[in-house]
Amino acid sequence: MILKYWVSRLVLGVLLFAGALACRTTDVLLAQATTIPTRTPRPTFTPLPPPTDTPEPTATNPPTSTPVPTRRPTARPTPRPPTPVPPPPPAAPTTPPQPQFQYAANPAICTHAGNQYIKGRVYDSKDPSANGVAGLMMALGGADGNNAYVTTPNEYDGVYTFTLAAPGQAANAGTYYVWILDGSGKRISDVGGPINFNLLGPDASNSCWAGSVDFWRR
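Chemist: What's the story with the overall build of the protein chain in this structure? I'm lost.
Modeler: The number of helices and strands found in the protein chain is 1 helix and 10 strands. Secondary structure elements in the protein chain, listed N-terminal to C-terminal, are α-β-β-β-β-β-β-β-β-β-β. Within the span of the protein chain, comprising 218 residues, buried residues form 21% of the whole. Element-wise, carbon and sulfur atoms account for 61% of the exposed surface of the protein chain, whose accessible area totals about 17600 Å².

Below you can see the structure in the form of structure tokens.
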């Protein structure tokens, strides 16, 4: 009897607990289903600070790039220029050739004599044994072969003579030349000489009183 009493009370307690639990669950579900709007507080506006003059950044020059030094090529030794060859010296002026005259003159000779004269012969060729040429005019003068001091015709065998001082007359020292003229007075031979009269005594080896120049036909 007592057991049944406690069993009935236990069952009653379980039922009450289950009923209370069901009510609590219902309340929770209703609370979740019915959302009470919450009041969102209005935002507050923070006043902006007054604008300030911000200095513009000063433009700065971009950094200058440091130039990379150019590598200079290794200098090669400059070759020495060739030694200039000096130009040949100018040719020495040549003496114009003497005109080719019809007669050539042999070298003059001079010896001592009792008087002062010049004597010679005109030959028909270079051969000393050739015949003489007559009919020519012989001239006595200076080295240029012009403006004769005196003239004389040669003889039949080609011999000519200029007497400057006869025996016993005073002689004169000086230098003379001889050449041949044609019939018109034009020179037709080389100039023979010089004959240097020095009037030294007979004992002097170089005494000159009597000169001689021979000519020959070319």
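After that view of the structure, there is still more to cover.
Chemist: Looking at this model, I keep getting lost on the pattern of salt bridges. Mind explaining?
Modeler: Any two side chains of opposite charge can pair, on the condition that their charged atoms come close. Going through the model one piece at a time under the given rule, you end up with 2 salt bridges. Between D124 and R217 there is a salt bridge; the shortest N-O distance is 2.9 Å. Taken together, the residues span a long stretch of sequence, with D124 in the loop between β3 (116-123) and β4 (137-141) and R217 in strand β10 (residues 215-217) at a distance of 93 residues. One salt bridge connects R218 with D190, and the closest N-O pair in it is separated by 2.7 Å. With R218 in the segment after β10 and D190 in the loop between β7 (174-181) and β8 (192-197), this residue pair connects regions lying 28 residues apart in the sequence.

Chemist: Help me understand the sheet that holds strand β5 (residues 150-153) in this model?
Modeler: In any sheet, the strands associate via hydrogen bonds between backbone groups, in a parallel or an antiparallel arrangement. Taken together, 4 strands build an open sheet; the order of strands is β5-β4-β7-β8 and the sheet is antiparallel. Because the sheet does not close on itself, it has two edges, and the strands there are β5 and β8. On average, each strand axis in the sheet is inclined to that of its neighbour by 25 degrees, with strand direction left out of account. Both β4 and β5 contribute to a ladder of 4 bridges, which runs antiparallel. Bridge pairing in β5 places M138 opposite T152.

Chemist: Whenever I open this one, the pairing of β7 confuses me. Can you help?
Modeler: Sheet faces and side chains relate simply in a regular strand, where the side chains alternate between the two faces. The buried count for β7 comes to 6 of 8 residues, which makes it a mostly enclosed element. Sheet analysis places β4 next to β7, joined by 5 bridges and oriented antiparallel. Bridging from a neighbouring strand, M138 pairs with I180 of β7. Where β7 meets β8, 4 bridges bridge the pair, whose relative direction is antiparallel. Bridge pairing links Y176 to I195 in β8.

Chemist: Would you mind showing me how to read the packing of aromatic side chains here?
Modeler: For any pair of aromatic rings, the description consists of the separation of the ring centres together with the inter-plane angle of the planes. Summed over all chains, the structure comprises 3 aromatic pairs. With a centroid separation of 6.4 Å and an interplanar angle of 85 degrees, the aromatic rings of Y149 and Y176 are classed as edge-to-face. Note that Y149 is positioned in the loop between β4 and β5 and Y176 in strand β7, a separation of 27 residues in sequence. Summarising the aromatic geometry, the rings of Y176 and F197 are spaced 5.6 Å apart at their centres and angled 65 degrees between planes, so their arrangement reads as edge-to-face. Separated by 21 residues along the polypeptide, Y176 in strand β7 and F197 in strand β8 bring together distant segments of the chain. With respect to burial, Y176 and F197 carry one shared label: buried. Clustering of aromatic rings is evident, with ring pairs tying together Y149, Y176 and F197.

Chemist: I keep staring at the state of the cysteines and nothing clicks. Help me out?
Modeler: Note on terminology: a disulfide is the covalent bond linking the sulfur atoms of two cysteines. Evaluated as defined, the whole model comprises 1 disulfide. Between the sulfur of C110 and that of C208 lies a disulfide, 1.7 Å long from S to S. Judged by the sign of its S-S torsion, about 95 degrees, the bond between C110 and C208 is right-handed. Of this pair, C110 sits in strand β2 (residues 109-111) while C208 sits in the loop between β8 and β9 (210-212), and the two are 98 residues apart along the sequence. For C110, a relative accessible area of 27% translates into the label partly exposed.

Reading guide: rules and limits
Residues numbered from 1 in each chain as written. Predicted model: local features only at pLDDT ≥ 70, side-chain atom pairs only at ≥ 80, totals over all residues. Heavy atoms only, no water. Helix = DSSP H or I, 4+ residues; strand = E, 2+ residues; numbered from the N terminus. Buried < 20%, exposed > 50% of the residue type's maximum accessible area, 1.4 Å probe, protein only. Areas by Shrake-Rupley, 256 points an atom, 1.4 Å probe, with all protein chains shown as cover. Salt bridge = Lys/Arg side-chain N within 4 Å of Asp/Glu carboxyl O. Pairing = 2+ DSSP bridges. Axes fitted to C-alpha atoms, helices over the stretch in contact; angles between N-to-C directions. Phe/Tyr/Trp six-rings, centres within 6.5 Å; stacked < 30°, edge-to-face > 60°. Disulfide = S-S within 2.5 Å.

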